[in-house]
Amino acid sequence: MGLIRFGTGGVPHSAAKRTTEAGLERLKELGLDHLEVEFVRGVKMKIDKAREIGKLAKELGITLTAHGPYYINLNSPDEDKRKASVLRILDTARAGYAMGARSITFHAAYYGDNDPEDVYVRVRDHLHEVLKVMKEEGIKIDIRPETTGKPNQFGTLDEIIKLSSELPGILPCVDFAHIHARFGGRFNSYDEFTAILKKIERALGRGALESLHMHMSGIEYGDKGEINHLNLEESDFRYRELLKALRDMDVSGYAVCESPDLEEDALLLKKTYGKLTSH
Ligand SMILES: [Zn+2]
């Protein structure tokens, strides 16, 4: 039976303070298992602090992942911005590794006016640089570009799988709500969720489903893909079918909830999944 750990993207709203430490304590009280530390406005955490957070998380039995800054574009026409993007990914990896996180995720690039195939090569080459520096520094953490929610963003499932198969050290972060939104409401049934998982398994091997980094939430979308995250029950997202597909494919890993009601929906996902797997 797969083991999925459920948690929140960022500090739960009901935490006593807006700090990572208070967030970890609150997750423990709620009976959740995981925290994705959000560096979405920049990696400002010092390495010593990251180590302390890792220690506390370990004591509480909460696993960690990290989300890199939004301001990353490995396809920026401006070389300085591309270099800054590489650094932001590296800083996320450094802090994540110091806190004992399993993986980091981020939105890799925008297509701009470029051909997606050229963008792919650029993204791949920059990620190769990231991996090289990590190796030199002895930083071991999965680098997981996320499947993105808008057609102008690099990050279809196929692109992320291809990167993962070409570069050892790269693996997918599968945001199921983003895939659903990007394709105008498709990928919202048991069969479609199963197809996504099988595609990953075929391309990257069974191991890719044994520690999968996932994002889940309700989502509002239009012609240009993702508009907003929504609470699960206020959206059309068929999370029960997703959870069933994950159970039946025996997936293990981390399910990070990004709904506006972070912890309520994380608990809803955990409880729903628990009922599916209890008999
Ligand atoms: Zn994201």
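Here the structure is shown first, and the text comes after it.
Rules used in this analysis
- Residues numbered from 1 in each chain as written.
- Predicted model: local features only at pLDDT ≥ 70, side-chain atom pairs only at ≥ 80, totals over all residues.
- Heavy atoms only, no water.
- Helix = DSSP H or I, 4+ residues; strand = E, 2+ residues; numbered from the N terminus.
- Pairing = 2+ DSSP bridges.
- Axes fitted to C-alpha atoms, helices over the stretch in contact; angles between N-to-C directions.
- Salt bridge = Lys/Arg side-chain N within 4 Å of Asp/Glu carboxyl O.
- Buried < 20%, exposed > 50% of the residue type's maximum accessible area, 1.4 Å probe, protein only.
- Phe/Tyr/Trp six-rings, centres within 6.5 Å; stacked < 30°, edge-to-face > 60°.
- Lys NZ or Arg CZ within 6 Å of the ring centre and 35° of its normal.
- Expected span 1.5 Å × (residues − 1).
- Arc of directions from axis to C-beta.
- Donors = N, O, S within 2.8 Å, 3.2 Å for Na, K, Ca; no water.
- Tetrahedral: all angles 85-135°; square planar, octahedral: opposite > 155°, others 65-115°.
- Core = buried A, V, L, I, M, F, W, Y, C linked by side-chain atoms within 4.5 Å.
- Contact = heavy atoms within 4.5 Å.

*Asks:* What am I meant to see in the environment of Lys49 here?
*Replies:* Tracing the backbone shows Lys49 in helix α2 (residues 47–60). Expressed as a C-alpha distance, the spacing of Lys49 and Met99, which sit 50 residues apart in the sequence, is 8.3 Å.

*Asks:* I'm lost on the sheet that holds strand β7 (residues 212–216) in this one. Help?
*Replies:* In a beta sheet, neighbouring strands are held together by backbone hydrogen bonds and run either parallel or antiparallel to one another. Here eight strands make up an open sheet; going across it, the order is β5-β4-β3-β2-β1-β10-β7-β6 and the pairing parallel. Two strands bound the open sheet, and with one partner strand each, they are β5 (142–145) and β6 (173–175). Across the sheet, the mean angle from the axis of one strand to that of its neighbour is 25°, orientation sign disregarded. Here strand β3 (residues 63–67) runs beside strand β4 (residues 103–106); their pairing, made up of two bridges, is parallel. Bridging from a neighbouring strand, Ala66 pairs with Ile104 of β4.

*Asks:* Quick question: what am I supposed to make of the pattern of salt bridges here?
*Replies:* Pairing of side chains with opposite charge becomes possible as their charged atoms draw close. Per the counting criterion, the structure on display carries 15 salt bridges. The partner of Glu210 in a salt bridge is Arg206, with the nearest N and O atoms 3.4 Å apart. Judged by its relative accessible area of 29%, Arg206 falls in the partly exposed class. Each of Asp91, Arg94 and Glu137 takes part in a single network of salt bridges with overlapping partners.

*Asks:* Whenever I open this one, the packing of aromatic side chains confuses me. Can you help?
*Replies:* Each aromatic ring pair is described using two quantities: the centre-to-centre distance and the angle formed by the ring planes. Under the counting rule described, the total for this entry stands at six aromatic pairs. Between the aromatic rings of Phe193 and Phe237, the centroid separation amounts to 5.7 Å while the plane-to-plane angle is 65°, which identifies the pairing as edge-to-face. In this pair, Phe193 is assigned in helix α7 (residues 190–204) and Phe237 in the loop between β9 (225–230) and α8 (239–248), connecting sequence segments 44 residues apart. For the pair Phe193 and Phe237, a shared accessibility class is recorded, and that class is buried. A network of ring pairs unites the aromatic residues Tyr111, Tyr120 and Phe154 as a single cluster. One residue, Lys162, lies across the ring of Tyr120, its end atom 4.4 Å from the ring centre.

*Asks:* Got a minute to help me understand α7 in this structure?
*Replies:* Residues that lie three or four places apart on an α-helix share one face, since the helix turns once every 3.6 residues. Here α7 is 15 residues long and its end C-alpha atoms lie 21 Å apart, about the 21 Å a rise of 1.5 Å per residue gives. Every buried residue of α7 is accounted for by Phe193, Thr194, Ile196, Leu197 and Ile200. Along the axis of α7, the buried positions cluster into a sector of 155°, meaning they face one direction only. Along α7, the residues that are exposed and aim more than 90 degrees away from the buried face are Asp191 and Arg202.

*Asks:* Sorry, what's going on with the coordination of the zinc ion here?
*Replies:* Surrounding the zinc ion are the protein donor atoms His67 (NE2), His107 (NE2), Glu146 (OE) and Glu146 (OE), which sit 2.2 to 2.6 Å from the metal. Angles of 54 to 145° at the metal separate the four donor atoms of the zinc ion, which places the site in the irregular class. Read from N- to C-terminus, the donor residues coordinating the zinc ion fall into the pattern H-x39-H-x38-E. Of the two residues, His107 is situated in the loop between β4 and α4 (116–137) and Glu146 in the loop between β5 and α5 (157–166); the sequence distance between them amounts to 39 residues. Residue classification places His107 among the buried residues on the basis of a relative accessible area of 16%.

*Asks:* Would you explain the pairing of strand β8 (residues 218–222) in this entry?
*Replies:* Successive residues of a regular strand alternate their side chains across the two faces of the sheet. Direction of pairing for β8 relative to β9: antiparallel, over a ladder of five bridges. Paired with Ile219 across the bridge in β9 is His229. Taking the residues that link successive antiparallel strands as the turn, the β8-β9 hairpin has two residues.

*Asks:* Please explain the nonpolar core as it appears in this structure.
*Replies:* In a soluble, globular protein the nonpolar side chains are often hidden away together inside. Core analysis: the biggest nonpolar cluster contains 78 residues, and Leu127, Ile143, Phe154, Phe176 and Leu246 have the highest contact counts within it. With seven residues, α4 is the single largest residue contributor to this core. Ile143 has contacts with Ala93, Ile104, Phe106, Leu127, Leu131, Met134, Gly169, Ile170 and Leu171, leaving out every residue within four places of it along the chain.

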